[in-house]
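Secondary and tertiary structure notes
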Amino acid sequence: MEKPVTGKRAYRKWIFLVLPAFLLIAIFITWQYKKKETEYCITQAIIKELPDCQDEIKSWGYQASVLPKVTEEPDNAGFMRYYWKSAGPVLILEDQDGGMYCFYYGFDQYISERTCKENMMLFPVNQYAEKEYKNVLKTVRLQICKRNIKQEPLFENMSDADSKDHYDVSVCIEITAESLDDGKELSVFDGGFFETNYCSNNFEECRLWNGIDPASANSYSDYNIKQEYSTEQLLEYYRQGLELQSRLVELYRERQGGDDK
């Protein structure tokens, strides 16, 4: 007959049962801390040490600056997300073409603006008017941003294709036209605001959920976005943001190692 478990044996048995749970909790807490450090704390640390990091970042081909916490509506529409979320400060790395890579919880978004002269069709005054084309100054504003501002950017999105998490990046463009004569904004046929959500793996899979006819709205926006930027270009901008995030993390680690010596 088996003897009842008492005293030290019972205590040891309890320890063996509970210890794995404590180890799992400790691993989870450590993982969460490291994840938080990678996504947010490192960005904020670089911001605080930016004067000492400027030269290194400049050697990469970027001008570094800081957008303080946005408390008033900004002039740059690309910064509106930080105004709406009361977020900041944000680290900005600007390339030689004026494109801005923004970092908050790691890489957050890429915004750019380009202008060119183009012959565009004006909106007719009425349905009976003849088509009129005019040379204008065309401006295209691009914004590629994570849909969740407090989620780390994904190097590979493994979410199911039917879930909203699969479409983790929002892309929008705004097209405007100005008169070459007096600079006044003109109403053009191909102008407007176009936005949809993409999977960051490829910028081909795209989907909307809201609106009267989200499938048609998604196709319409995707078509107009791709008229201005190819799938390959959008993917390149996103992956460059991830590459810069990795370099910022490496810079932070190097500085931490130097401080420890």
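Refer to the structure printed above.
What this report covers is the structure whose coordinates are included nearby.

Cut-off values and rules
Residues numbered from 1 in each chain as written. Predicted model: local features only at pLDDT ≥ 70, side-chain atom pairs only at ≥ 80, totals over all residues. Heavy atoms only, no water. Helix = DSSP H or I, 4+ residues; strand = E, 2+ residues; numbered from the N terminus. Buried < 20%, exposed > 50% of the residue type's maximum accessible area, 1.4 Å probe, protein only. Contact = heavy atoms within 4.5 Å. Areas by Shrake-Rupley, 256 points an atom, 1.4 Å probe, with all protein chains shown as cover. Arc of directions from axis to C-beta. Patch = residues over 30% accessible without salt bridge, like charges linked within 9 Å, V, L, I, M, F, W, Y side chains within 5 Å. Salt bridge = Lys/Arg side-chain N within 4 Å of Asp/Glu carboxyl O. Lys, Arg positive; Asp, Glu negative; His and termini not counted. Charge placed at Lys NZ, Arg CZ, Asp CG, Glu CD.

Attention shifts here to the overall build of the protein. If you tally the helices and strands in the protein, you get 5 helices and 9 strands. N-terminal to C-terminal, the α/β element order of the protein is α-α-β-α-β-β-β-β-β-β-β-β-α-α. Split into buried and exposed, the 261 residues of the protein put 39% on the buried side. A separation of at least 24 residues holds for 63% of the contacts in the protein among residues at least 6 apart in sequence. When the accessible surface of the protein is summed, it comes to about 16500 Å², and 51% of that surface belongs to carbon and sulfur atoms.

The subject of this paragraph is helix 2 (residues 50-59). Among all positions of helix 2, only Leu50, Cys53 and Ile57 are buried. One side of helix 2 carries all its buried residues, which in axial view fall inside an arc of 65°. In helix 2, those exposed residues whose orientation departs by more than 90 degrees from the buried face are Pro51, Asp52, Asp55, Lys58 and Ser59. In the segment just after helix 2, Gly61 is the residue with positive phi, at about 100°.

Moving on, we get to a negative patch on the surface. Judged by side-chain charge, Asp55, Glu56, Glu243, Glu250 and Glu254 come together as a negatively charged surface patch. Taken together, the elements giving at least two residues each to the negative patch come down to helix 2 and helix 5 (231-260). The leading source of residues in the negative patch is helix 5, at 3 residues. Within the element layout of this structure, Glu254 appears in helix 5. For Glu254, a relative accessible area of 49% translates into the label partly exposed.

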